[in-house]
Amino acid sequence: MTEAGSGTGTRTDAGTGTGTRTDAGAGSEAAFEIAFKNIYGRAPEGIWAAPGRVNLIGEHTDYNDGYVMPFALPHRTRAAVARRDDGLLRVHSADMDGGVVELRIDDLAPGTTRGWAVYPAAVLWTLRQAGHDIVGADIHYDSNVPVGGGLSSSAALQVVTALALTELHGLDLPRQELALLCQSSENTYVGAPVGVMDQTASACCTEGHALHLDVRGLSQRQVPFDLAAQGLQLLVVDTRVKHAHADGAYGELRAGCEAAAAALGLPALRDVDFDGLDAALAALPDERLRRLTRHVVTENRRVEEVIALLDAGRTREIGPVLTAGHASLRDDFRVSCAELDLVVDTALAAGALGARMTGGGFGGSAIVLVDAGEVERISAAILQALPTARLFPTTAGPGAHRLV
Ligand code: ADP
Ligand code: MG
């Protein structure tokens with residue numbers, strides 16, 4: 001994971017970008033096409049987009065075979081692409097220094113690609129491993145998804161690449177399959193043991209909905225999530241901190257959850273019923289496994305509560321469920337940090353309806369549910385408490401799609 005800059009403390013080589021991200025991904029398609037022409041000396045065959053995501057509820061449940069509920073951000077990564085037939089993959093990103101990266105497709109192998117190009121290389125390599133005959137491409141990217149903020153700029157990059165390459169080669173892969181392919185590329189080629197939520201969100205979400213994904217069996221449902229219609233807004237607060245121990249902790253948490261399930265004689269913590277939680281806790285050998293189990297089981301329950309409230313049009317009432325999720329991640333799973341707690345506490349004190357950290361934790365982003373009329377006041381309170389944060393109101397945008 002180190003080479004891609006996706007690890008902690010390794011963002012200097014691949015994740016710094018050029019600081020011009022604010023309007024990237026939002027400029028016109030015509031201007032983006034001209035940028036491609038200036039780089040590669042010919043026109044692209046098409047332009048695609050794939051969004052970043054926020055997880056509304058269902059944190060650290062994916063690797064326990066449980067429920068997650070992400071929605072797509074309006075922020076997206078675009079790719080302008082043209083095929084090549086000479087065995088070269090050339091990639092360029094408006095958000096990264098270093099110009100065009102040129103790779104020989106026959107030389108691609110896990111562990112050999114440096115810098116951000118590892119993500120597109122991984123997708124192309126994985127498509128070829130799956131038997132799809134993709135011989136080369138020129139790709140130009142831009143994005144307005146904050147990089148390294150826990151909003152899955154990496155999944156957006158993977159999914160837009162996979163969608164563009166498969167569509168250009170006449171392959172009509174189901175979206176969930178596309179997401180699994182991207183996950184596999186990250187596991188095998190990039191070397192990061194991630195779950196499938198982020199890629200599924202980017203590939204499968206639809207506008208105005210949150211996606212209920214049951215990670216066991218991968219069944220999906222689009223749940224109506226139209227905040228504006230209810231006079232509500234969701235703020236995303238990127239703390240812009242990422243604490244160094246995040247990656248090691250992820251492995252330990254995952255192992256802890258597996259140990260707890262094994263101690264209970266179950267395939268995964270998903271199999272502990274909410275009603276059977278007390279009995280399960282009593283059967284576990286130590287306090288740490290009890291804490292991990294309590295979070296996973298109550299978090300799956302919170303996903304069900306949020307779905308029921310959204311289906312009933314009682315969107316306001318999801319606020320306290322989100323806040324309870326934060327308390328569970330802070331006290332039981334212990335993946336929050338001072339900055340995330342500060343954002344959540346400040347938002348609630350200023351009158352937010354609910355707030356929680358979102359993503360893996362130890363930094364990254366929080367979400368805050370507010371009445372639409374309170375956006376400015378609550379935003380100001382958060383920024384006063386944590387001036388280095390980056391904050392924006394958001395809605396549920398579309399999943400990956402072709403633009404041109
Ligand atoms: P995130 O939470 O944003 O997914 P990651 O650390 O998982 O954070 O992924 C960020 C990495 O993805 C960057 O360091 C870079 O290697 C790659 N990346 C993301 N967006 C872009 C982009 N627009 N252009 C080039 N590389 C990108
Ligand atoms: Mg990522």
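Residues numbered from 1 in each chain as written. Chains lettered and ligands numbered in written order. Predicted model: local features only at pLDDT ≥ 70, side-chain atom pairs only at ≥ 80, totals over all residues. Heavy atoms only, no water.

## What to know about the overall build of the protein chain
Rule in force here: By definition, any uninterrupted DSSP run of H or I lasting at least four residues is a helix, any uninterrupted run of E lasting at least two residues is a strand, and each is numbered from the N terminus. Computation of the radius of gyration draws on C-alpha atoms, with the globule rule given as 2.2 Å multiplied by the number of residues to the power 0.38. Exposed residues in this analysis have more than 50% of their type's maximum accessible area, buried residues have under 20%, and partly exposed residues fall in between, with area computed by a 1.4 Å probe over protein chains only. By definition, residues are in contact when any of their heavy atoms lie within 4.5 Å. The protein chains shown are the only cover counted for residues, whose accessible areas, like all others here, come from Shrake-Rupley with a 1.4 Å probe.
Helices and strands together make up the secondary structure of the protein chain, namely 12 helices and 12 strands. A globule of 404 residues ought to have a C-alpha radius of gyration of about 22 Å, and the protein chain, at 21 Å, matches this closely. Burial status across the protein chain gives 56% buried among its 404 residues. Looking at the protein chain alone, contacts between residues at least 24 apart form 73% of all its contacts between residues at least 6 apart. A total accessible area of about 15200 Å² is found for the protein chain, and carbon and sulfur atoms account for 51% of it.

## Details of the nonpolar core
The condition that has to hold: For this analysis, a nonpolar core means a set of buried residues of the types Ala, Val, Leu, Ile, Met, Phe, Trp, Tyr and Cys, connected via side-chain atoms within 4.5 Å.
Counting 46 residues, the largest nonpolar core has Val81, Leu89, Ile139 and Tyr141 as the members making the most contacts within it. Elements that contribute at least two residues to this core include exactly strand E1 (46-57), strand E2 (67-83), strand E3 (88-93), helix H3 (118-129), strand E5 (137-143), helix H4 (153-168), helix H5 (175-190) and helix H6 (197-204). Grouped together as the second largest cluster of nonpolar side chains are 40 residues, Cys257, Val370, Ile378 and Leu386 included.

## So, the packing of H4 against H5
Packed helices, taken two at a time, are described by the angle their axes make and the gap between the axes. What counts, and what does not: With axes taken as lines fitted to C-alpha atoms, and helix axes fitted only over the stretch in contact, angles between N-to-C directions fall between 0 and 180 degrees. Any angle that is under 35 degrees is reported as roughly parallel, and any over 145 degrees as roughly antiparallel; angles of 65 to 115 degrees are reported as roughly perpendicular and all others as oblique. Left-handed describes a crossing whose near helix is turned anticlockwise from the far helix through less than a right angle; right-handed describes the clockwise counterpart. Charged means Asp, Glu, Lys or Arg here, nonpolar means Ala, Val, Leu, Ile, Met, Phe, Trp, Tyr, Cys or Pro, and polar covers whatever is left, Gly included.
Where H4 meets H5, the closest approach of the two axes is 10 Å, and the angle between their N-to-C directions is 120°. Put simply, H4 runs oblique to H5. Considering the relative orientation of H4 and H5, their crossing is right-handed. Only Arg175, Leu178, Cys182, Ser185 and Glu186 of H5 make contact with H4, whose side of the interface consists of Gln158, Val159, Ala162, Leu163 and Thr166. Its residues assigned to classes, the contact of H4 with H5 shows five nonpolar, three polar and two charged.

## Re the pattern of salt bridges
Our working definition: A pair is scored as a salt bridge if a Lys or Arg side-chain nitrogen falls within 4 Å of a carboxyl oxygen belonging to Asp or Glu.
Taken as a whole and assessed by the stated rule, the structure comprises 25 salt bridges. We note a salt bridge from arginine 377 to glutamate 374, for which the minimum N-O separation is 3.0 Å. Assessed through its relative accessible area of 45%, arginine 377 is described here as partly exposed. Three or more residues joined by partner-sharing salt bridges are found here, namely Arg42, Arg84, Asp86, Arg90 and Asp138.

## Here's the deal with the packing of helix H7 (residues 246-263) against helix H9 (residues 287-311)
The interhelical angle for the contact between H7 and H9, taken along N-to-C directions, is 90°, at an axis separation of 9 Å. On the basis of the axis angle, H7 is roughly perpendicular to H9. Listed contacts from H9 to Glu252, Leu253, Gly256, Cys257, Ala259 and Ala260 of H7 are Arg288, Leu289, Leu292, Thr293 and Val296. Broken down by class, the residue content of the contact of H7 with H9 amounts to seven nonpolar, two polar and two charged.

## Considering the environment of leucine 211
Residue placement: leucine 211 occurs in strand E6 (residues 209-214). Considering only alpha carbons, one finds leucine 211 and methionine 69, 142 residues apart in sequence, at a separation of 5.2 Å. If near-sequence neighbours (up to four positions away) are discounted, leucine 211 is found in contact with Val68, Met69, Pro70, Thr200, Cys204, Cys205, Gln220, Arg221 and Gln222.

## Considering the packing of aromatic side chains
Where we set the bar: Here the aromatic set is Phe, Tyr and Trp, taking the six-membered ring for Trp, and pairing holds for ring centres within 6.5 Å; pairs whose planes are under 30 degrees apart are stacked, those over 60 apart are edge-to-face, and all others are tilted. Working rule: Lys NZ or Arg CZ, within 6 Å of ring centre, within 35 degrees of ring normal, means a charge sits over the ring.
Considering all chains together, one arrives at five aromatic pairs under this definition. Ring centres of phenylalanine 36 and tyrosine 40 lie 4.8 Å apart, and the angle between their planes is 50°; on these two criteria the pair is classed as tilted. Highlighted residues: phenylalanine 36 and tyrosine 40, both in helix H2 (residues 29-40), separated by four residues, approximately one helical turn. Comparing phenylalanine 36 with tyrosine 40, the two get one shared label, buried. Measuring from centroid to centroid gives 5.5 Å for tyrosine 63 and tyrosine 250, while their planes differ by 75°, and the two rings are edge-to-face. Of the two residues, tyrosine 63 sits in the loop between E1 and E2 while tyrosine 250 sits in helix H7, which places them 187 residues apart along the sequence. Judged by its relative accessible area of 12%, tyrosine 63 falls in the buried class. Using a relative accessible area of 22% as the deciding quantity, one classes tyrosine 250 as partly exposed. Directly above the ring of phenylalanine 32 sits arginine 78, whose terminal nitrogen or CZ lies 4.3 Å from the centroid.

## Examining H7
To keep things clear, this is the line we draw: A helix is expected to span 1.5 Å for every residue after the first. As used here, the arc belongs to the directions running from the helix axis to the C-beta atoms.
The end-to-end C-alpha distance of H7 is 25 Å, a good match for the 26 Å that 18 residues give at a rise of 1.5 Å each. Every buried residue of H7 is listed here: Ala246, Ala249, Leu253, Gly256, Cys257, Ala260 and Ala261. Buried residues in H7, looked at end-on, bunch into an arc of 130°, giving them a common side. The outward face of H7, more than 90 degrees from its buried face, is lined by the exposed residues Glu252 and Ala262. The inward-facing, buried residues of H7 contact strand E8 (232-242), H9 and helix H10 (318-333). Trailing H7 by a residue or two, glycine 265 shows a phi angle of about 70°, which is positive.

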